[in-house]
Structure formats: C-alpha cells, structure tokens
Amino acid sequence: MGKLAVGALRAVLGVVLVGTVFVQAGMVWAMVSKNDPEDGTLPLTSLRVITILGMVAVQVAVVCVGRLVTMVRRGTVFSHAAFRYVDGVIGAIVAAALVWFAVTAVNAPGQRDDPGVTLIMGGIGVAILGVALIVLVLRMLLAQAVARDVEATRMQAELDQVI
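A brief structural summary. (Residues numbered from 1 in each chain as written. Predicted model: local features only at pLDDT ≥ 70, side-chain atom pairs only at ≥ 80, totals over all residues. Heavy atoms only, no water.)

Quick notes on the overall build of the protein chain
Just so we agree on the cut-off: Put simply, DSSP marks the helices as runs of H or I at least four residues long and the strands as runs of E at least two long, and each gets a number from the N terminus on. The reference for a compact globule is 2.2 Å times residues^0.38; the radius of gyration itself is calculated from the C-alpha atoms. Remark: exposure states derive from per-residue accessible area (1.4 Å probe, protein chains only) relative to the maximum for the residue type, with buried under 20%, exposed over 50%, and partly exposed in between. In what follows, residue pairs with any heavy atoms lying within 4.5 Å of each other are defined as contacts.
Helix and strand content of the protein chain: four helices and zero strands. Along the protein chain, helices (α) and strands (β) appear in the sequence α-α-α-α when read from the amino end. A globule of 163 residues ought to have a C-alpha radius of gyration of about 15 Å, yet the protein chain, at 21 Å, is considerably larger. If one aligns the C-alpha atoms of the protein chain with their principal axes, the spans along those axes are about 80 × 30 × 25 Å. Out of the 163 residues belonging to the protein chain, those deemed buried represent 28%. In the protein chain, of all internal contacts separated by at least 6 residues, the share reaching a separation of at least 24 is 73%.

Have a look at this one:
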C-alpha cells in the first residue's frame, strides 16, 4: 500500500471519526435541550439514542480499519493479531445492522399507510448483514493467508538448515 493511499485513507477515517463524534454530540445536545419538544410524529428521543449507538458502531469500525491499515503498512497484517481487528469490523457491521433494524421498528408505526417503506428498510438491514458476511469471507481468506505464511516461514527455516 502506497504512502499516498495510506495517507488518504487515514484522512478519510479521521474525518469520519470526527464527524461521528460531532453527530453524537448533537444528538446528546438535542436530548438535553428543552427547546425541542417532540411533536408526536416520531419518537425523537428513541431515534436519537439509536443514532448515538449507530455512531459507536461506525467508530469501532473506523478504529479497527485504522489499525489494520497500520498493520498493512508495517507488513504485519498476516498475523493472528489482525483477527482481533477484523472481528471488530464484523461486530461493528452486525451492530450497525441491528441499529438499522431498530430504526426500522421505530419508524414502522408511522408507515401504516405505506408498508413498502418498512419492507425496503428491512431489506437494507439484510443488505448490511450481507456486508458482514462478505467481511467474514475475507476473514477466512486472511486465515488461509496467515496459515500459508506460517508454513512458508517454517519451510524457509528448514531450507536454511539444509543449505
């Protein structure tokens, strides 16, 4: 991975991290502020709490991806230590899907006249879970690469002894 790509990715991750903290702060401010009464159309407090939790899931994913990028840059990504961060990304994606399903459930009563919106939102939640499954497949590929790297290191050591 080139220095430019790593720098650009770190910049994007930093902006996302700062943005999520800003959104969380805004949600907390809106909840403690008495100037924003709920008008009864949507349970705003529930949606704000769900938003805060969703931002936590994004933050976990950003930190894990940042650590993986560091490992790639150092050439240590093909190790057992990388699994912790990949598992963190998978967990964050699953948590984001659960948060999305919660948003769908909170929004559903308001969609009685148009239940298609709720079905579409549910489909988006399933798609988010699909992303988690894709990352799980990539984790399996990482496991195979780590196993091959360990085997190659062992074989190189044996070859060094013979020579």
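Quick notes on the packing of helix 3 (residues 81–107) against helix 4 (residues 115–162)
Short version of the rule: For helices, the axis comes from a line fit to the C-alpha atoms of the stretch in contact; other axes are also lines fit to C-alpha atoms, and the angle between any two N-to-C directions lies between 0 and 180 degrees. An angle below 35 degrees is read as roughly parallel, one above 145 as roughly antiparallel, one from 65 to 115 as roughly perpendicular, and any other as oblique. Only Asp, Glu, Lys and Arg are considered charged, only Ala, Val, Leu, Ile, Met, Phe, Trp, Tyr, Cys and Pro nonpolar, and every remaining residue, Gly among them, polar.
Closest axis-to-axis distance for the helix 3/helix 4 pair is 9 Å, and the angle between their directions is 175 degrees. Classed by the angle they form, the pair helix 3 and helix 4 counts as roughly antiparallel. Class assignment for the residues of the contact of helix 3 with helix 4 results in 25 nonpolar, five polar and two charged.

Things to note about the layout of surface pockets
For the record, the criterion: Two kinds of site are reported from a 1 Å grid over the protein atoms alone, namely cavities, where a 1.4 Å probe fits but cannot get out, and pockets, open sets with protein on both sides within 12 Å along at least five of seven lines, and residues are called lining when an atom falls within 4 Å of a point. Grid points are joined across faces, edges and corners, and a volume is the space filled by probe spheres set on the points.
Of the voids in this model, the largest pocket is the one considered here, and its volume is about 260 Å³. Lining the largest pocket we find Val65, Leu68, Val69, Val72, Val77, Phe78, Val86, Val89, Val135, Leu138, Arg139 and Leu142. Those elements that place two or more of their residues in the lining of the largest pocket are helix 2 (44–74), helix 3 and helix 4.

Thoughts on the nonpolar core
Here is the rule: Throughout, nonpolar core names a set of buried Ala, Val, Leu, Ile, Met, Phe, Trp, Tyr and Cys residues whose side chains join them through atoms within 4.5 Å.
Ranked by size, the top nonpolar core spans 15 residues in total, and within it Leu68, Met71, Ala82, Val86, Val135 and Leu142 carry the most contacts. Elements with a minimum of two residues in this core: helix 2, helix 3 and helix 4. Per element, the largest residue contribution to this core is seven residues, and it comes from helix 3. When near neighbours in sequence (up to four residues on either side) are disregarded, Ala82 contacts Leu68, Met71, Val77 and Leu142.

Observations regarding a nonpolar patch on the surface
Formally: Here, patches come from residues exposed beyond 30% relative accessible area and free of salt bridges, joined within 9 Å for like charges and within 5 Å for nonpolar side chains (Val, Leu, Ile, Met, Phe, Trp, Tyr). With residues, only the protein chains shown are counted as cover, and all accessible areas are computed by Shrake-Rupley using a 1.4 Å probe. By definition here, a salt bridge exists when the distance from a side-chain nitrogen of Lys or Arg to a carboxyl oxygen of Asp or Glu is within 4 Å.
A surface patch of nonpolar side chains, about 380 Å² in accessible area, is lined by Ile134, Val137, Leu138 and Leu141. In this structure, Leu141 sits in helix 4.

A word on a positive patch on the surface
Formally: Asp and Glu are treated as the negative residues and Lys and Arg as the positive ones, with His and the ends of the chain left uncounted. Working definition for charges: the position is that of NZ of Lys, CZ of Arg, CG of Asp or CD of Glu.
Side chains of Lys3, Arg10, Arg67, Arg73, Arg74 and Arg84 sit close together on the surface and give a patch of like positive charge. Of all the secondary structure elements, the ones that give two or more residues to the positive patch are helix 1 (3–32) and helix 2. Of the residues forming the positive patch, the biggest block, three residues, is contributed by helix 2. Along the chain, the position of Arg67 falls in helix 2.

A look at the environment of Ile120
Relative to the assigned elements, Ile120 resides in helix 4. Accessibility expressed as a relative area gives 56% for Ile120, which makes it exposed.

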